[in-house]
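Here is how the chains run, residue by residue.
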Amino acid sequence: MSDSPTYGFDTLQIHAGARPDPATGARQTPIYQSTAYVFRDADHAAALFNLQEVGYIYSRLTNPTVAVLQERLATLEGGVGAVCCSSGHAAQIMALFPLMGPGKNVVASTRLYGGTVTQFSQTIKRFGWSAKFVDFDDLDALREAIDDDTRAVFCESVANPGGYVTDIRAVADVADAAGLPLIVDNTSATPYLCQPISQGATLVVHSTTKYLTGNGTVTGGCIVDSGKFDWSASDKFPSLSAPEPAYHGLKFHETFGNLAFTFHGIAIGLRDLGMTMNPQAAHYTLMGIETLSLRMQRHVENAVKVATWLENDPRVDYVTYAGLPSSPYAERAQRCYPKGTGGLFTVAIKGGYDACVKLVDSLEIFSHVANLGDTRSLIIHSASTTHRQLTPEQQEAAGAGPNVVRVSIGIEDADDLIRDLDQALAKACG
Ligand SMILES: *Cc1c(COP(=O)(O)O)cnc(C)c1O
């Protein structure tokens, strides 16, 4: 099927990138469980290695099942190309890799997934990269944090875990004025609720592990390229604009135009970093995406019901969910995320740390796991788990204080979820 922009989201989530298998007519995308692909002849092999012809060489670089997922995600996000990789964290490194170098920095929002805070504040230092964290509600602070060595601006659309939503357009304008690409982690919103590229983002990254796959089966990630950034407008991005020594001096932007970032991601990122998505994972994720819009509608509907009930319960201190009228981000949520702000929010319990731990242990339907975006409802006490390695200040900034639990509302019956929370709160708060 041609990916005509006249098709709606519900059609594209099922069909984009997929066509009946030319060899067998198989209607569902086969799992091409093959490491390598036979060259027609020596000239064909040479053309593939020279990137003069697009095709399959070796599955660390490209695989036909993964390619369908890449095309589907690029289509749903409104980008020109996508590169899938082994996890969401791999996608973040892969997104930064062509942009950064020793001494360069990324300016990132303080409101990020805990693992991303750790990856950016600690691990990337080993590459000579660094991150500066600022409050993206303070656009002046963002402008001031950007310096001559900044190579990217990074935020999440619907932030994990704090009930915060980013005004992507406003942030994109600042990045644009500084001549920098904006990278948006769209994991918690998914392209059904938010398409960051339409609001000015350059690159979109995902942990496909979460809502895109939707049922907690596989880890994966992807980077979608808008194709809109002019990598040659300055000398800041030599990997894309200048002769790339890692690919015999190829100039990616000059050669591949708006697909420069995607080609670089495959030809150098996957080739040399090797954080490849496997075809089984791509298969599960393709299955999940077929029902993305239906699930997200239910996640949002349930989250609104459960958050509203919790907010009115005397054992609860507060609920941070941008989908509630009481949220300080309610106006922004309505304006920027009109279909809803997802299924993720945090709940502060009056009994503090001990009550949170008891609550988590007393729930029957909710699973206590370090994951989100599953069909099942999930809960975690971030301060003792995912956000444990952060300082108390970082925990507070991320909305993960000791008295707070994060819930990922599933697509079960909302009334059952409320009953489960009610009985567990009774045990937790005495
Ligand atoms: C889970 C998550 C990640 C990391 O993804 P993995 O697939 O676990 O590596 C990054 N960002 C957000 C918002 C996430 O929820």
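Above: the structure in question.
Attention in this report is confined to the structure presented alongside it. All values reported here derive from a predicted model rather than from experimental measurement. In this numbering scheme, every chain counts its residues from 1 along its sequence in written order. pLDDT decides what is reported in this predicted model: residues at 70 or higher carry local features, side-chain atom pairs at 80 or more are listed and counted, and totals for whole chains, interfaces and linings draw on all residues regardless. Side-chain measures here rest on the full set of heavy atoms in the structure, leaving out hydrogens and waters.

A few points about the overall build of the chain
Then, number 1: Each helix is a run of H or I in the DSSP string that is no shorter than four residues. Each strand is a run of E no shorter than two, and both are numbered from the N terminus. Of the regular secondary structure elements, the chain holds 17 helices and twelve strands.
Then, number 2: As defined in this context, the radius of gyration uses C-alpha atoms, and a globule is described by 2.2 Å times the residue total to the power 0.38. Relative to the 2.2 N^0.38 estimate, which gives 22 Å for 430 residues, the radius of gyration of the chain is 22 Å and therefore close to what a compact globule would have.
Then, number 3: By residue count, 56% of the 430 residues in the chain fall in the buried class.
Then, number 4: Contacts are residue-level and defined by heavy atoms, with any inter-residue pair within 4.5 Å sufficient. Long-range pairs, those at least 24 residues apart, make up 72% of the contacts in the chain with a sequence separation of at least 6. Accessible area is worked out with a 1.4 Å probe on protein chains only. A residue is then buried under 20% of its type maximum, exposed over 50%, and partly exposed in between.

Some points on the environment of Pro 392
Then, number 1: In this structure, Pro 392 sits in helix H16 (residues 392-397).
Then, number 2: Judged by its relative accessible area of 54%, Pro 392 falls in the exposed class.
Then, number 3: Along the backbone, Pro 392 and Pro 402 are ten residues apart, and their C-alpha atoms lie at a distance of 8.8 Å.

Some words on the site of the ligand
Then, number 1: Nearness of a residue to a molecule or strand requires only that one of the residue's heavy atoms be within 4 Å of it. Near the ligand, the surroundings consist of 14 residues, among which Gly 88, Asp 185, Ser 207, Thr 209 and Lys 210 are the closest.
Then, number 2: We call two N or O atoms a polar contact when they sit within 3.5 Å, provided that within protein one can donate a hydrogen and the other can accept it, with sequence-adjacent residues counted only if both atoms are side-chain atoms. Gly 88 is positioned with one of its backbone polar atoms (N or O) 2.8 Å from an oxygen atom of the ligand.
Then, number 3: Note that an oxygen atom of the ligand is positioned 2.7 Å from one of the side-chain N or O atoms of Thr 209.
Then, number 4: Within the complex, the protein chains bury 92% of what would otherwise be the 380 Å² of accessible surface of the ligand.
Then, number 5: The leading source of residues in the shell around the ligand is helix H4 (residues 88-96), at three residues.
Then, number 6: Here the residues of the shell around the ligand sort into two nonpolar, nine polar and three charged. What sets the accessible areas is the Shrake-Rupley method with a 1.4 Å probe; for residues, cover comes only from the shown protein chains. By the convention adopted, Pro, Cys, Tyr, Trp, Phe, Met, Ile, Leu, Val and Ala count as nonpolar, Lys, Arg, Asp and Glu as charged, and the other residues, Gly among them, as polar.

Description of the sheet that holds strand E7 (residues 221-225)
Then, number 1: Pairing is mixed across the open sheet formed by seven strands, whose spatial order is E1-E7-E6-E5-E4-E2-E3. The open sheet is flanked by strand E1 (81-85) and strand E3 (130-134), the only strands paired with a single partner. In this sheet, neighbouring strand axes are inclined to one another by 20° on average, regardless of whether the strands run parallel or antiparallel.
Then, number 2: As paired strands, strand E2 (residues 105-109) and strand E4 (residues 150-156) are joined by four bridges and run parallel to one another. Within E4, the position partnered with Asn 105 by the bridge is Thr 150.
Then, number 3: Seen against the sheet, helix H5 (residues 114-121) touches E2, E3 and E4 and runs at an angle of roughly 130° to E3. Being paired, for any two strands, means DSSP has found at least two bridges between them. The axes used here are C-alpha line fits, helices contributing only the stretch in contact, and every angle between their N-to-C directions lies in the interval 0 to 180 degrees.

Quick word on the packing of aromatic side chains
Then, number 1: Ring pairs are drawn from Phe, Tyr and Trp, using the six-membered ring of Trp, whenever the two centres fall within 6.5 Å, and their geometry is named by plane angle: stacked under 30 degrees, edge-to-face over 60, tilted for the rest. Summed over the entire model, instances satisfying the criterion amount to 14 aromatic pairs.
Then, number 2: With a centroid separation of 5.4 Å and 45° between ring planes, the pair formed by Tyr 37 and Tyr 56 is classed as tilted. Placement of the pair is Tyr 37 in the loop between helix H1 (9-15) and helix H2 (42-49) and Tyr 56 in the loop between H2 and helix H3 (64-77), with a sequence separation of 19 residues.
Then, number 3: Take Tyr 37: its relative accessible area is 15%, and that puts it in the buried class.

Let's talk about the state of the cysteines
Then, number 1: The definition used for a disulfide is geometric: two cysteine sulfur atoms within 2.5 Å. Enumeration according to the criterion identifies zero disulfides in this entry.
Then, number 2: The cysteine Cys 85 is free of any disulfide, with Cys 84 supplying the nearest cysteine sulfur at 7.0 Å.
Then, number 3: What makes Cys 85 buried here is its relative accessible area of 0%.
Then, number 4: In this structure Cys 155 is a free cysteine whose sulfur lies 9.2 Å from that of Cys 194, the closest cysteine sulfur available.
Then, number 5: The exposure class of Cys 155 is buried, given its relative accessible area of 0%.

Focus on the pairing of E1
Then, number 1: In terms of residue burial, E1 counts as a mostly covered element, since five of its five residues are buried.
Then, number 2: Residues Gly 81, Val 83 and Cys 85 line one face of E1 and the alternating positions Ala 82 and Cys 84 line the opposite face, and both faces are buried.
Then, number 3: Summarising the sheet, E1 and E7 pair through five bridges and their orientation is antiparallel. Its bridge partner being in E7, Ala 82 is matched across the sheet by Val 224.

Notes on the nonpolar core
Then, number 1: Of all hydrophobic cores here, the largest spans 129 residues; its most connected members are Leu 99, Leu 182, Ile 223, Phe 252 and Phe 345.
Then, number 2: In contact with Phe 345, not counting residues within four places along its chain, are Pro 161, Ala 303, Val 306, Ala 307, Leu 310, Val 319, Thr 320, Tyr 321, Val 405, Arg 406, Val 407 and Ile 409. We call a set of buried residues a nonpolar core when its members are Ala, Val, Leu, Ile, Met, Phe, Trp, Tyr or Cys and they connect through side-chain atoms within 4.5 Å of each other.

Focus: the packing of H4 against helix H11 (residues 260-273)
Then, number 1: The contact between H4 and H11 brings their axes to 10 Å, and the two run at 115°. Here the hand of the crossing between H4 and H11 comes out right-handed. Between H4, through Ile 93, Met 94 and Ala 95, and H11, the contact on the second element is made entirely by Phe 261, Gly 265, Gly 269, Leu 270 and Leu 273.
Then, number 2: Tallied by class, the residues present in the contact of H4 with H11 amount to six nonpolar, two polar and no charged. Each helix crossing is assigned a hand: it is left-handed if the near helix lies turned anticlockwise from the far helix by less than a right angle, otherwise right-handed if that turn is clockwise.

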